[in-house]
Amino acid sequence: MKKTIITMLIALVAIVASAETYNYLKFTKTDNSTVTYSVEGLKLTYDNTNVTITNVEGTATLPLAQVRDMEFTNDPSTTPSVLGGDVNNDGVISIADATALIDYLLGGDATGINLDAADFNGDGEVTISDATALIDYLLSGSEG
Ligand SMILES: [Ca+2]
Ligand SMILES: [Ca+2]
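Just so you know, these numbers come straight off a predicted model, no measurement behind them. (Residues numbered from 1 in each chain as written. Chains lettered and ligands numbered in written order. Predicted model: local features only at pLDDT ≥ 70, side-chain atom pairs only at ≥ 80, totals over all residues.)

Chemist: Teacher, can you tell me more about the sheet that holds strand S2 (residues 34-38) here?
Modeler: Strands pair in a sheet through their backbones, by hydrogen bonds, and they do so in one of two ways: parallel or antiparallel. With respect to topology, three strands assemble into an open sheet ordered S2-S1-S6, the strand pairing being antiparallel. Taken across any chain shown, the strands that pair with only one partner, and hence form the sheet edges, are S2 and strand S6 (67-73). Pairwise comparison of adjacent strand axes, ignoring direction, gives a mean angle of 20° for this sheet. In the sheet, strand S1 (residues 24-29) pairs with S6 via six bridges, with the strands oriented antiparallel. Paired with Phe27 across the two strands is Met70, which belongs to S6. (Pairing = 2+ DSSP bridges. Helix = DSSP H or I, 4+ residues; strand = E, 2+ residues; numbered from the N terminus. Axes fitted to C-alpha atoms, helices over the stretch in contact; angles between N-to-C directions.)

Given below as structure tokens:
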């Protein structure tokens, strides 16, 4: 996992040098929140636990373990941390959330269910599609 990220970072630094069409670097965190940083003066450094982002606006530090993805973008918007998918409200997204969601869908008992987080695909209602989307997410995120 860490090796993958470090490899990505090295690749990104090379991309920064060549691709000037994008204005922001966007990090997607494991809780599905996103943060963007201006690429102006961008410098990325990292150690075993953190990636440090330095740009004209200042310096920010992100734990590597929380970084799920990163990409360049021209969209500076960020997504607040709502922990979509944390159906059982224990602070992490895991298979327990998928089972809690399925139990809710089958039984209709919303006790202990975070319905906002349960609407994983964001279409405004909690259905089996959210359970499948959550399971897909869990499967795709478990590599490495
Ligand atoms: Ca959870
Ligand atoms: Ca939904």
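That covers the picture; the talk isn't over yet.
Chemist: Even after reading the chapter, I still don't get the sheet that holds strand S5 (residues 58-63), so can you show me in this structure?
Modeler: Across the sheet, three strands lie side by side as S3-S4-S5; this open sheet has antiparallel pairing. Each end of this open sheet is capped by a strand with a single partner; those strands are strand S3 (43-46) and S5. The average angle at which neighbouring strand axes cross in this sheet is 20°, direction not considered.

Chemist: Looking at this structure, how should I read the environment of Thr59?
Modeler: Within the secondary structure layout, Thr59 lies in strand S5. For the pair Thr59 and Leu42, spaced 17 residues apart in the sequence, the C-alpha separation amounts to 9.6 Å. Excluding its chain neighbours within four sequence positions, the residues that come into contact with Thr59 are Thr52, Ile53 and Thr54. (Contact = placed C-beta atoms within 7 Å.)

Chemist: Which parts of the structure should I look at to understand the pairing of S5?
Modeler: When a strand is regular, its side chains alternate between the sheet's two faces. Burial analysis of S5 places just zero of its six residues in the buried class, which makes it a mostly uncovered element. Where strand S4 (residues 50-55) lies against S5, six bridges are found, and the strand directions are antiparallel. Considered in S5, the bridge of Asn50 is made with Pro63. Between S4 and S5, which follow one another and run antiparallel, lie two residues. (Buried ≥ 20, exposed ≤ 12 C-beta atoms within 10 Å, placed from the backbone.)

Chemist: Help me understand helix H2 (residues 95-107) in this model?
Modeler: Along an α-helix, residues three or four positions apart point the same way, because every turn accommodates 3.6 residues. The terminal C-alpha atoms of H2, which comprises 13 residues, lie 18 Å apart, in line with the 18 Å expected from a rise of 1.5 Å per residue. Looking at H2, one finds that the buried residues are Asp97, Ala98, Ala100, Leu101 and Tyr104. The buried residues of H2 all sit within an arc of 165° when viewed along its axis, so they share a single face. Set apart from the buried face of H2 by more than 90 degrees, the exposed residues are Ile95, Leu106 and Gly107. On its buried face, H2 sits against helix H3 (115-118) and helix H4 (128-140). (Expected span 1.5 Å × (residues − 1). Arc of directions from axis to C-beta.)

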